[in-house]
Amino acid sequence: MGFEEVIGQKEAQERLVQMVRESHLPHAMMLCGPQGSGKMALATAFACYLLDNGTPSSKAMLEKLEHPDLHFTYPTIKLPSMSSDHKPVSDDFAREWHELIMQGPYFSMDEWMQAMGGENQQAIITAGESDDLVRKLSLKSSQGGYKVSLVWLPERMNTECANKLLKLIEEPPQQTVFIMVCEEPDKLLETIRSRVQRIDIRKIADDDIRQALIERRGIDEESARRISRLANGNWLKAMEELQIGSENELFLDMYIMLMRLAYMRKIKDLRKWSEQMAGMGREKQKRWLTYFLRMTRENFMYNFQNAELIYMTQKEEDFARNFARFVNEKNILPISDMANLAIRDIGQNANGKIVFFDFALRMIVMLLQQN
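What you see is a predicted model, and the numbers here were worked out from it, not measured in a lab.

> Would you explain the packing of helix H4 (residues 94-102) against helix H5 (residues 109-116) in this entry?
When two helices pack together, their arrangement is given by the angle between their axes and by how far apart the axes lie. Between H4 and H5, the shortest axis-to-axis distance is 9 Å and the interhelical angle comes to 135°. On the basis of the axis angle, H4 is oblique to H5. The chirality of how H4 crosses H5 is right-handed. Packed against H4, whose contacting residues are Glu96, Trp97 and Leu100, the element H5 presents Glu111, Trp112 and Ala115 at the interface. Among the residues making up the contact of H4 with H5, the classes are represented as 4 nonpolar, no polar and 2 charged.

As structure tokens, this is what we get:
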């Protein structure tokens, strides 16, 4: 895998390459940044850059991410089939990891949990992992160059593992480079943070996401522009926007229906609307309420007629063109408070029909509050 697979992040890429060229490569570094910024993609590409000795065999192994001197470490779970005294290690899930990362270096913890088959568990990096790393890194480089230990989400190490890894970083095996990919560095031991060179990775620029959507996903220019703004620097969010289009269309339909019926004060139809909402699962109800909050905020911002402030799809904007004036300084905060209260009530297993019918009736009053 090469840097060409990384979306944007040219500045960070150049910094990494420059450290090698100037012989200032630290033995331990930590790429920190928000989810979806491409930290893992950048770390993997950089690891391949370090290990590429120019030979056809080296390039072939790196293309498949099967280089013997590249060691991945990642959070794992304990499967029912494992013995009670077994401490899960990355090698237990090597096949699942390889399949996931070969699909692309942009993925979330949820996707990794699904790949392991443990969506309801807590994934951690165990002490068994650090023992495994000590053994692997003590071996001589098979290709005569660097050995790279790439640790994904080191903040998920348990205390025993963190302490063992600290010792390994303090006394690294010869020609070993540690590359950590971290989202919550404050959860790491201070002693580890102080011994690694931190490199902050920013959100991906909107234009880089837009261009990648066009070139990699065949999206038209206008859709790519809108999705890139909605993604807000997060490639995973951009992919999510592509995948959940059908749910968002349903959510928009339910939003429009609520607002129109509330404006016309059609109580009987609002009751039917609330029953339809109650028929959704609780998680979907909460997602709709989150969508409701976003759409209400976007309609309020639409009134300022500043395209830079608006993050809507074309269909959402078409509705906002006539509706936005009903969301104003007098009702934006009460409407938001009402939605947040409904999210709390649904989370506490309140009766959905009651919550959403009350929500609909209150919306009638909210829409009456004009400037």
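From this point, the discussion proceeds with the structure in view.
> Just to check I follow, could you spell out the sheet that holds strand E3 (residues 147-152) for this structure?
As a general point, the strands of a sheet are linked pairwise by backbone hydrogen bonds and lie either parallel or antiparallel. Reading across the sheet, the 5 strands line up as E2-E3-E4-E1-E5 and stay open at both edges, with parallel pairing between neighbours. Across the chains shown, the open sheet's two edge strands, defined by having one partner strand only, are strand E2 (70-73) and strand E5 (197-200). Averaged over all adjacent pairs, the angle separating strand axes in this sheet is 20°, with direction ignored. Relative to E5, strand E1 (residues 28-32) is paired through 4 bridges, and the arrangement is parallel. Bridging across to E5, Leu31 finds its partner in Ile199. Docked against the sheet, helix H7 (residues 159-170) engages E1 and strand E4 (176-182), running at close to 135° with respect to E4.

> What is the right way to read the layout of surface pockets from this model?
To locate leftover empty space, one rolls a probe as large as a water molecule over the atoms. The volume enclosed by the largest pocket comes to roughly 1200 Å³. Residue lining of the largest pocket: 45 residues in total, with Tyr106, Glu111, Trp235, Leu236 and Met239 positioned closest to the centre. Counting only elements with at least two residues in the lining of the largest pocket, the list comes to helix H2 (39-51), helix H3 (56-63), H4, H5, helix H9 (206-217), helix H11 (235-243), helix H12 (245-264) and helix H14 (282-302). By residue number, the principal contributor to the lining of the largest pocket is H11, which donates 7 residues. Taken together, the residues that form the lining of the largest pocket break down as 21 nonpolar, 9 polar and 15 charged.

> Sorry, what's going on with empty space enclosed by the protein here?
For the coordinates displayed, the defined rule picks out 1 cavity of 30 Å³ or more. When its volume is computed, the largest cavity comes out at roughly 30 Å³. Every residue lining the largest cavity is listed: Thr73, Ile125, Glu129, Ser130, Leu133, Val151, Met157, Cys161 and Leu165. Contributions of two or more residues to the lining of the largest cavity are made by helix H6 (127-137) and H7. Ranked by residue count, the leading element in the lining of the largest cavity is H6, at 3 residues.

Reading the values: the criteria
Residues numbered from 1 in each chain as written. Predicted model: local features only at pLDDT ≥ 70, side-chain atom pairs only at ≥ 80, totals over all residues. Heavy atoms only, no water. Axes fitted to C-alpha atoms, helices over the stretch in contact; angles between N-to-C directions. Helix = DSSP H or I, 4+ residues; strand = E, 2+ residues; numbered from the N terminus. Parallel < 35°, antiparallel > 145°, perpendicular 65-115°, else oblique. Left-handed = near helix turned anticlockwise from the far one by under 90°. Contact = heavy atoms within 4.5 Å. Nonpolar A, V, L, I, M, F, W, Y, C, P; charged D, E, K, R; others polar. Pairing = 2+ DSSP bridges. 1 Å grid on protein atoms, 1.4 Å probe; cavity = no way out; pocket = protein on both sides within 12 Å on 5 of 7 lines; lining within 4 Å. Points joined across faces, edges and corners; volume = space filled by probe spheres on them.

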